[in-house]
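Here's the letter readout for the chains.
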Amino acid sequence: PVPYVIALNQRISRNENIRALIAPVIVINTVAVGVLLAPVPEIIDYYARLALVVNTAGSIQDLYNVGRLLGLPETTEFVNLAEEEIRTFYTIQSNS
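Here the structure is a predicted model, which is why all the values come from computation and not from measurement.

Asks: What is the right way to look at the pairing of strand S2 (residues 76-82) in this model?
Replies: Strand residues, when the strand is regular, have side chains that alternate between the two faces of the sheet. Pairing analysis gives 2 bridges linking strand S1 (residues 12-13) to S2, with the strands arranged antiparallel. From the neighbouring strand, Ser13 faces S2, where its bridge partner is Glu77. Two elements, S2 and strand S3 (residues 86-92), share 7 bridges in a ladder whose sense is antiparallel. Note that in S3 the partner of Leu81 across the bridge is Arg87. Hairpin connection of S2 to S3: 3 residues between the antiparallel strands.

Right, dumping it as structure tokens:
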């Protein structure tokens, strides 16, 4: 099992979820590309390329989830509850 952090019993908006999912790929890839564009030693260039590839590959599921979240109304909220196991529920608030 892989450890991860969740917020229990906290309502999280759709947009907050999107920001949390997309932030790592934006920040890490921006830094990696910035390093690749700079005149750096070959070993640093190698690790920047490695970070770019590994981070992008690892972020594919996050990007897929962002796409799914964008299909939900902006008023959607999520909450994680711990029962027998941790479950995530969502509600869509009506505008009327």
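Here the narrative resumes.
Asks: Would you explain the sheet that holds S3 in this entry?
Replies: Strand pairing in a sheet is mediated by backbone hydrogen bonds. Such pairs are either parallel or antiparallel. Pairing is antiparallel in the open sheet, where 3 strands are placed in the order S1-S2-S3. Two strands lie at the open edges of the sheet, namely S1 and S3, each paired on one side alone.

Here is what the cut-offs are and how they apply
Residues numbered from 1 in each chain as written. Predicted model: local features only at pLDDT ≥ 70, side-chain atom pairs only at ≥ 80, totals over all residues. Heavy atoms only, no water. Pairing = 2+ DSSP bridges. Helix = DSSP H or I, 4+ residues; strand = E, 2+ residues; numbered from the N terminus.

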